Amino acid sequence: TELLEQLSTAREKEYKTIVLKPIIDTRFDLHAVVTHDQNKANAIRINQLSEVQKEINIAEYIFIDEVQFFNKSFIKEIKNWKAKKQTLYIGGIRQ
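Residues numbered from 1 in each chain as written. Predicted model: local features only at pLDDT ≥ 70, side-chain atom pairs only at ≥ 80, totals over all residues. Heavy atoms only, no water.

Across the two faces of strand β5 (residues 61-64) the burial is the same, with Tyr61 and Phe63 and Ile62 and Ile64 all buried. In this sheet, β5 lies alongside strand β1 (residues 17-22) in parallel orientation, the contact comprising four bridges. Looking at β5, one finds that threonine 17 is bridged to tyrosine 61. Here four bridges tie β5 to strand β6 (residues 87-90), and the two strands are oriented parallel to one another. Paired with isoleucine 62 across the strands is leucine 88, a residue of β6. (Buried < 20%, exposed > 50% of the residue type's maximum accessible area, 1.4 Å probe, protein only. Helix = DSSP H or I, 4+ residues; strand = E, 2+ residues; numbered from the N terminus. Pairing = 2+ DSSP bridges.)

Here's what the structure looks like:
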């Protein structure tokens, strides 16, 4: 829910946004992030960041759902975005 609230705020302020989710997450909606109360936002399903590198490079805000389903190299790449001054919102279960 928090992820989608922050996304809504970023879009209201007209920031360039991208929403990502792991391709293995097939629950609820294949092409959207969905909250338990059925709020949703379109998302790009990916296995690897290289699939959306162009979109990531122009995004000011990056939203990632279910981050625990991505591999460790994905997590390392996220750290590079912080260096580029991109704002990240990451949702998932702590492990």
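Additional details are given in the paragraphs that follow.
So, about the pattern of salt bridges. On inspection of all chains with the given rule, the structure shows one salt bridge. In this structure, lysine 40 and aspartate 29 form a salt bridge, with 3.1 Å as the shortest nitrogen-oxygen distance. Here lysine 40, found in strand β3 (residues 40-42), pairs with aspartate 29, found in the loop between β1 and β2 (32-34); they are 11 residues apart in sequence, far enough to count as distant. (Salt bridge = Lys/Arg side-chain N within 4 Å of Asp/Glu carboxyl O.)

Turning our attention to unusual backbone geometry. Backbone geometry at glutamate 14 places phi at a positive 65°, although glycine is not the residue there. Within the secondary structure layout, glutamate 14 lies in the loop between α1 (2-12) and β1. Taking relative accessible area as the criterion, glutamate 14 reaches 71% and is therefore assigned exposed. With phi around 55°, glutamate 66 is a residue other than glycine that occupies positive phi space.

Nonpolar side chains tend to gather and get buried jointly when the protein is soluble and globular. In terms of nonpolar packing, the biggest core is built from 14 residues, with Leu20, Ile56, Ile62, Ile64 and Trp81 touching the most fellow members. Of all the secondary-structure elements, those providing two or more residues to this core are β1, β5 and α3 (72-83). Residue contacts for isoleucine 56: discarding those within four places in its chain leaves Ile18, Leu20, Leu49, Ile62, Trp81 and Gln86. Residues Leu7, Ala43, Tyr61 and Phe63 belong to the second largest nonpolar core, which totals 10 residues. (Core = buried A, V, L, I, M, F, W, Y, C linked by side-chain atoms within 4.5 Å. Contact = heavy atoms within 4.5 Å.)

Any link to function would need more than the numbers given here.
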